[in-house]
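# Structural description and commentary
One-letter residues, chain by chain:
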Amino acid sequence: MPDISLNRKISVAPMLDWTDRHCRYFLRLISRHTLLYTEMVTTGAIIFGKGDYLGYNAEEHPVAVQLGGSDPEHMTQCAVKSQEYGYDEVNINVGCPSDRVKNGSFGACLMAQPEMVADCVKAMQAEVDIPVTVKCRIGIDDMDEYEDFSRFIDVVAGAGCDTFIVHARKAWLQGLSPKENRDIPPLNYERVYQLKSQHPELNISINGGITSLDQAEAHLKQVDGVMMGREVYSNPYVLAEVDKRFYGNSAQPLDRAEIVRLMQAYIERQDAPYFKPWHAARHMLGLFQGQPGGRVWRRYLSQKGTGKNPDPNLLMNGLAAMQETASRAIEYQTKEVG
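In short, a report on the structure. (Residues numbered from 1 in each chain as written. Predicted model: local features only at pLDDT ≥ 70, side-chain atom pairs only at ≥ 80, totals over all residues. Heavy atoms only, no water.)

## What to know about the nonpolar core
Grouped together as the largest cluster of nonpolar side chains are 103 residues, with contacts concentrated most on Val134, Met263, Trp297 and Leu315. Discounting chain neighbours no more than four positions away, the residues touching Met263 are His22, Tyr25, Phe26, Leu29, Ala280, Met284 and Leu315. (Core = buried A, V, L, I, M, F, W, Y, C linked by side-chain atoms within 4.5 Å. Buried < 20%, exposed > 50% of the residue type's maximum accessible area, 1.4 Å probe, protein only. Contact = heavy atoms within 4.5 Å.)

## As for the packing of helix H1 (residues 21-30) against helix H11 (residues 256-269)
Axis separation between H1 and H11 bottoms out at 10 Å; the angle between their running directions is 150 degrees. Taken together, the axes of H1 and H11 lie roughly antiparallel to each other. Here H1 and H11 pass one another in a crossing that is right-handed. Contacts between H1 and H11 involve Arg21, His22, Tyr25, Phe26, Leu29 and Ile30 from the former and Ile259, Leu262, Met263, Tyr266 and Arg269 from the latter. (Axes fitted to C-alpha atoms, helices over the stretch in contact; angles between N-to-C directions. Helix = DSSP H or I, 4+ residues; strand = E, 2+ residues; numbered from the N terminus. Parallel < 35°, antiparallel > 145°, perpendicular 65-115°, else oblique. Left-handed = near helix turned anticlockwise from the far one by under 90°.)

## Focus on the packing of helix H6 (residues 146-158) against helix H7 (residues 189-198)
Two elements in contact, H6 and H7, have axes separated by 11 Å at closest approach and are oriented at 45 degrees. On the basis of the axis angle, H6 is oblique to H7. Both H6 and H7 take part in a crossing whose hand is right-handed. Side by side, H6 and H7 meet where Tyr146, Phe149 and Ile153 of the first sit next to Arg191, Gln194, Leu195 and Gln198 of the second. Of the residues assigned to the contact of H6 with H7, the class counts are 4 nonpolar, 2 polar and 1 charged. (Nonpolar A, V, L, I, M, F, W, Y, C, P; charged D, E, K, R; others polar.)

## Observations regarding the packing of aromatic side chains
In this description, an aromatic ring pair is defined by two values, namely the gap between the centres and the angle between the planes. Considering all chains together, one arrives at 5 aromatic pairs under this definition. Their ring planes at 15 degrees and their centres at 4.6 Å tell us that Trp18 and Tyr233 sit as a pair that is stacked. Of the two residues, Trp18 sits in the loop between strand S1 (10-12) and H1 while Tyr233 sits in helix H9 (residues 230-234), which places them 215 residues apart along the sequence. Taking relative accessible area as the criterion, Trp18 reaches 29% and is therefore assigned partly exposed. In this structure Tyr233 comes out as buried when scored by relative accessible area, which is 16%. Aromatic side chains Tyr146 and Phe149 sit 6.1 Å apart centroid to centroid with 75 degrees between the ring planes, which places their arrangement in the edge-to-face category. Of this pair, Tyr146 and Phe149 are both found in helix H6, 3 residues apart, which corresponds to roughly one turn of the helix. Against the face of Trp172 rests Lys170, its NZ or CZ located 3.6 Å from the ring centre. (Phe/Tyr/Trp six-rings, centres within 6.5 Å; stacked < 30°, edge-to-face > 60°. Lys NZ or Arg CZ within 6 Å of the ring centre and 35° of its normal.)

## A word on the sheet that holds strand S3 (residues 63-68)
Reading around the circumference, S1-S2-S3-S4-S5-S6-S7-S8 is the order of the 8 strands in this closed barrel, with parallel pairing throughout. Strand-to-strand, the axes of this sheet are offset by a mean angle of 25 degrees, without reference to chain direction. Sheet analysis places strand S7 (residues 203-207) next to strand S8 (residues 225-228), joined by 3 bridges and oriented parallel. The residue bridging Asn207 from the neighbouring strand is Met227, located in S8. Across the sheet, H6 is in contact with strand S4 (89-94), strand S5 (132-137) and strand S6 (163-167); its angle to S5 comes to roughly 170 degrees. (Pairing = 2+ DSSP bridges.)

## So, helix H13 (residues 294-304)
Where H13 is concerned, the buried positions are Gly294, Val296, Trp297, Tyr300 and Leu301. Seen from one end, H13 has its buried residues packed into an arc of 160 degrees, which puts them on one side. Opposite the buried face of H13, by more than 90 degrees, sit the exposed residues Arg295 and Gln303. (Arc of directions from axis to C-beta.)

## Regarding the side chain of Arg169
Position of Arg169 relative to the elements: it lies in the loop between S6 and H7. Among the polar contacts listed, one links the side chain of Arg169 to the backbone oxygen of Pro185, at a separation of 2.8 Å. (Polar contact = N/O pair within 3.5 Å; in protein donor to acceptor, adjacent residues only side chain to side chain.)

## Details of the pattern of salt bridges
The full count for this structure, using the stated rule, is 9 salt bridges. With a closest N to O distance of 3.3 Å, Asp20 and Arg282 form a salt bridge. Of the two residues, Asp20 is situated in the loop between S1 and H1 and Arg282 in the loop between helix H12 (277-281) and H13; the sequence distance between them amounts to 262 residues. Classification of Arg282 as partly exposed rests on a relative accessible area of 24%. Because the salt bridges share partners, they merge into one network encompassing Asp214, Glu217 and Arg245. (Salt bridge = Lys/Arg side-chain N within 4 Å of Asp/Glu carboxyl O.)

## A closer look at helix H5 (residues 114-125)
The end-to-end C-alpha separation of H5 is 16 Å, in line with the 16 Å expected for 12 residues at 1.5 Å each. Taken together, the buried positions of H5 are Pro114, Val117, Ala118, Cys120, Val121 and Met124. All buried residues of H5 project into a common sector of 160 degrees when viewed along the axis, lining one side. Looking at the buried positions of H5, the neighbouring elements they touch are S3, helix H3 (72-85), S4, S5 and H6. (Expected span 1.5 Å × (residues − 1).)

What follows is the structure, encoded as structure tokens:
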């Protein structure tokens, strides 16, 4: 049976250079239940790097770490360390199409080597208690028939993996950039639905091109979970309805202004010598998307949060500038109506 200790109904995709610990803390203020993923971190960085690549805020739970690698011994070593850190899940990246991933023999190219992924799963599960999951594509290059996809799933599931997050696009490893691979190959949701239909015993989440909670709800009639990516990053407050709509939590979500205040306090608590307010603020540019003054908010953060002398009270001053603009706009509209 699928692991049910984590509710994967709604999750936020691992996005390189985006879903860092500051972003995840921010998103957790909006939704208490959405499953969050780290950026992909390579086994080489964890084992041989000098930084703390697994650090996170305790408030981020439930949070999963995504690993990039293909050596069973190294993957197991990193899975054990991830469990020691307290992560709720460890996920294997079998979907990223970038050249540096391909050259490192991990990411989407591993879809052509399901036995290697299976070896990693088996080795990792032997040493950790937290779930070991796989995020993959529906195919790569000329290996893009359902039979190819199904064989990959069968082999990896046979090794003990019962949870797959599927980006419903194939990846072209030859000829397309990583950015192009996010848009050009057509989405094929039906293939993911077919996988779930043929494997009801597996926990299947769908990813790719999902831009609203209405779309998520429609997908959940066919699969177990929905993973959203770029829409959440550009419009993070879309998560504000998730807890009530999908998890039955009737608590009122924090409003945007309260989130700004809590993030300002978060920024002020940071004591790492390399930290700058922009490291957190950059993830918040879309918080007021579609709201009066939202453009002023984005402009203030971008102009005052970067450079040699960033505003130490960046978020609160940005909020004040936005609210002043919104207030003037309402006053103007009232006069026009009058």
